[in-house]
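Okay, here's what each chain looks like letter by letter:
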Amino acid sequence: MATQLGRDSAVTPDGVGVAAFPDVRSRPQRIPGQPTRLSRYQALIIGALSVFAFFAVWQGVASAKLVSPLFLPGPIDIFKAYQELLQGGKLWYDMWVSGEELMLGYVLAVVCALPLGLLMGWYRRLNYVLDPYITFLYNAPRISLIPLFIVWFGIGIESKIAIVFLGAFFAILINTAVGVRNVDGALLKSARSFCASDAQIFRTVALPGSVPFILTGLRLGVAHALIGVVVGELVAAQAGLGLMMATAGATFQTAKVFAGVIIFAVAGMILNYAILQLEKRFQSWRPSNRE
Amino acid sequence: MTMFSSAGRTKLVAKDVTIHYWLQRLNRAFLAVDSASLDVRSGEFVALVGPSGCGKTTLLNAVDGLIPITAGTLELDGRPITKPGEDRAMVFQQPSLLPWRTAVGNVIYGLELQGGLSKQAARERALDLVKLVGLSGFEHSLPSELSGGMQQRVNLARALAIDPELLLLDEPFAALDAQTREFMQLELLRVWAETRKTMLFVTHDIKEAVYLADRVIVFTARPGRVKLSVDINLPRPRGLGIKREARFVEYEDLIWSSIEEELRSSDLEPVSSGV
């Protein structure tokens, strides 16, 4: 509220703050920290210019045939690859399958890991019981379980859901448990002093206090989940973007491989952005997240 | 206002209270308070002073019911203290406010936990207390938007909200700058005059103790024992100017020489850090 006022008075030409300096009206002085029009949009402008320049150079290198298109297709080649993929009609289906694996695995992981993580953070003895297994599985590269999952679940979407689940599960579980365990001792003491029951302490102190940790877990979980989908499909699948990329790579259709990479990257960016919005919504009380 | 402290009935009785706690690092028990005895009368403002690490905060935590005593008796209104109760509230040295709640949200916290009032009534009471501690206009500010002094006002209002019989204050102004601290002392006396709570105030600041209290109790160096109890016969209401008067300085000197004695004797066995 106070900063809002400060900003307003700085912009107003006849504001109270500037009255002491008679020169200011004729030669408006910028107050340090006051955003100019350029500084507000410069990240966007410079970023866009940079991307544009990058694509121009890339296309230039590709058109000049400095490198064989087999190794480095240009942006136009990749655009054509998309057209081809869409005409074949299989791209939407592949995206649907990969998306389904990602979402089902991730949602399942959230549903299982959140409650278990809260319980593990709250009940120290449950943590002692489960810790050996979690440490073992968390430290094993989860990708190494793919052959096992193929044996158990086949090469359909089930094995991919399992690998996505496992990837996201541990990231969310461990962060949630740490969040509950890292509850602020001073808050705990004041709650106890007001005769809070354990359930009340959990609800009013531990749970809200662990929200930042949970959100970090959710975001790490997305990254792990994406890796799970790609690698799972590259190894063995019946459909999906990973399979499309593997097939394209094996037949030297390099532009299609690039097309797949770009789709995964954009999907990752969108999911990250969504979680960022979630963080803004739930952590508005944190000073760093306030405007 | 009377010239001297109101002599109510006895509120808090501590008799030969001994408190140990366990030092994880050294893996042994540590004697923090050694048969301390003191009484606090109803409506009285008592300050505990003593060398740092002498166990005065430990005793305060025991009175709040946060830690158990190992020997002696500790009674409030004739009932032994074994756990935190709705008849006591603590103002902590650190504001320890819930960072995701506004000022009113924090003041309401104790009421909400104890569930005595309806939501509407609790909210009205919280708003009244925010006004009492002088935070009108900041009801909906988050702790991170408040200064240290304002956070301590919220801390005080939160403790007052549950309408305790006995208010425990653990160096509440120690972390504030000198000017804010003096102003908060004045404000605390104003609030005390309006609420007439029984106060037990721990501080290491002798001036603060003499200024605020009806009686100052001096602790020995650790393990804490009661060394001296001084009635402060200064008129109320007390303005900040009283701190420069001869009578005030006499009290200050008396208490300081008593503490100095303790510091000198404990110099021979330096207090290890981290205890």
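On a predicted model such as this, the values are computed, not experimentally measured, just so you know. (Residues numbered from 1 in each chain as written. Chains lettered and ligands numbered in written order. Predicted model: local features only at pLDDT ≥ 70, side-chain atom pairs only at ≥ 80, totals over all residues.)

## Remarks on the overall build of chain B
Defined as follows: Counting from the N terminus, the helices are DSSP H or I runs at least four residues long and the strands are E runs at least two residues long. We take the radius of gyration over the C-alpha atoms and set the globule estimate at 2.2 Å times the residue count to the 0.38 power. With C-beta atoms placed from the backbone, a residue counts as buried when 20 or more other C-beta atoms lie within 10 Å of its own, as exposed when 12 or fewer do, and as partly exposed for counts between those limits. In this description, any two residues whose backbone-derived C-beta atoms lie within 7 Å of each other are considered to be in contact.
If you tally the helices and strands in chain B, you get eight helices and ten strands. Against the globule reference of 19 Å for 275 residues, chain B gives a C-alpha radius of gyration of 19 Å, in line with a compact fold. In chain B, which comprises 275 residues, the proportion classed as buried is 43%. Here the analysis covers contacts within chain B between residues at least 6 apart in sequence; of these, 71% occur between residues at least 24 apart.

## Overview of the overall build of chain A
Along chain A, the regular secondary structure elements total twelve helices and zero strands. When its helices and strands are written in sequence order, chain A yields α-α-α-α-α-α-α-α-α-α-α-α. Restricting to contacts in chain A with at least 6 residues of sequence separation, those with at least 24 account for 70%.

## As for the interface of chain B and chain A
Selection rule: Throughout this entry, Asp, Glu, Lys and Arg are counted as charged residues, while Ala, Val, Leu, Ile, Met, Phe, Trp, Tyr, Cys and Pro are counted as nonpolar. The remaining residues, Gly among them, count as polar.
With 19 residues of chain B in contact, the opposing surface of chain A contributes 14 residues. Top element by residues in the side of chain B that touches chain A is helix 3 (residues 109–114) of chain B. It accounts for four residues. Of the residues that constitute the side of chain B that touches chain A, the class distribution is eleven nonpolar, six polar and two charged.

## Observations regarding unusual backbone geometry
In the segment running from arginine 236 of chain B into proline 237 of chain B, the intervening peptide bond is cis, with an omega of -5 degrees. Looking at where proline 237 of chain B falls in the secondary structure, it is placed in the loop between strand 10 (226–231) and helix 8 (246–267). A positive phi is found at lysine 65 of chain A, a non-glycine position, where the angle reads about 55 degrees. Structurally, the position occupied by lysine 65 of chain A is in the loop between helix 2 (37–63) and helix 3 (75–88). One non-glycine residue with positive phi stands out, namely serine 96 of chain B, at about 40 degrees. For serine 96 of chain B, the location among the structural elements is in the loop between strand 6 (88–91) and helix 2 (103–107). With 23 C-beta atoms counted inside 10 Å, the residue serine 96 of chain B sits in the buried group.

## Focus: the pairing of strand 4 (residues 71–76) of chain B
Residues and elements named next belong to chain B. Keep this limit in mind: A pair of strands is labelled paired if DSSP reports no fewer than 2 bridges between them.
For strand 1 (residues 10–23) and strand 4, the ladder comprises five bridges, and the chain directions are antiparallel. Paired with lysine 15 across the two strands is threonine 73, which belongs to strand 4. Pairing between strand 4 and strand 5 (residues 79–80): two bridges, direction antiparallel. In the strand pairing of strand 5, leucine 76 is matched with arginine 79. Linkage of strand 4 to strand 5, two consecutive antiparallel strands, is achieved through a turn of two residues, within which aspartate 77 is found at a positive phi near 50 degrees.

## Quick word on the sheet that holds strand 2 (residues 28–41) of chain B
All names here are of chain B. The criterion, for reference: Here an axis means a line fitted to C-alpha atoms, over the contact stretch when the element is a helix, while the angle between two N-to-C directions is reported on a 0 to 180 degree scale.
Taken together, the four strands give an open sheet; going across it, the order is 2-1-4-5, and neighbouring strands pair in antiparallel fashion. What marks the edges here is a single partner per strand, and that holds for strand 2 and strand 5. Together, strand 1, strand 2 and strand 4 form the strand contacts of helix 1 (residues 56–64), whose direction differs from that of strand 1 by roughly 115 degrees.

## Regarding the nonpolar core
Quick reminder of the rule: Linking buried Ala, Val, Leu, Ile, Met, Phe, Trp, Tyr and Cys residues through C-beta atoms within 7 Å yields a set, and such a set is a nonpolar core.
Ranked by internal contacts, the top residues of the largest apolar core, which has 119 residues, are Val49, Val107, Leu168, Leu200, Phe201, Ala213 and Val216 of chain B. Looking at this core, the element that brings in the most residues is helix 7 (residues 157–181) of chain A, giving 16 residues. Those residues in contact with valine 216 of chain B that sit more than four places away from it in its chain are Ala47, Val49, Ala209, Val210, Val230, Ile232 and Ile255 of chain B. Counting twelve residues, the second largest nonpolar core, distinct from the first, contains Leu85, Leu91, Met244 and Ala255 of chain A.

## Some points on the confidence of the model for chain A
Stated precisely, the cut-off is as follows: Confidence scores here are pLDDT values: one per residue, from the predictor, ranging 0 to 100.
Across chain A, the average pLDDT comes to 86, with 89% of residues at or above 70. When the criterion is pLDDT under 50, residues 1–20 of chain A qualifies, and its contacts beyond four places in sequence or with other chains add up to nine contacts.

## A closer look at the sheet that holds strand 7 (residues 166–170) of chain B
Residues and elements named next belong to chain B. Taking strand neighbours across the sheet as the criterion, the six strands line up as 6-7-8-3-9-10 in an open arrangement whose pairing is mixed. In this open sheet, the two strands that pair with only one neighbour each are strand 6 and strand 10. Neighbour-to-neighbour, the strand axes of this sheet turn through a mean angle of 20 degrees, independent of strand direction. Strand direction decides the pairing type here: strand 7 and strand 8 (residues 198–202), joined by five bridges, are parallel. In the sheet register, leucine 168 faces strand 8, and the bridge partner there is leucine 200. Sheet contacts for helix 5 (residues 148–161): strand 6 and strand 7; angle to strand 6, the most-contacted strand, approximately 175 degrees.

## A few points about the confidence of the model for chain B
Residue and element names in this part refer to chain B. Across chain B, pLDDT averages 89, with 94% of residues at or above 70. Of the regions scoring below 50 in pLDDT, residues 1–6 engages in seven contacts with residues more than four places distant in sequence or in other chains. The low-confidence segment residues 270–275, where pLDDT is below 50, has four contacts with residues more than four positions distant or belonging to other chains. This complex was scored by the predictor with a pTM of 0.79 and an ipTM of 0.87.

## Regarding the pairing of strand 6 of chain B
Residues and elements named next belong to chain B. Neither face of strand 6 is left uncovered, since the one carrying Arg88 and Met90 and the one carrying Ala89 and Val91 both have all their residues buried. Of the pairings in the sheet, the one linking strand 6 to strand 7 comprises four bridges and is parallel in character. Residue pairing in the sheet places valine 91 in a bridge with leucine 169 of strand 7.

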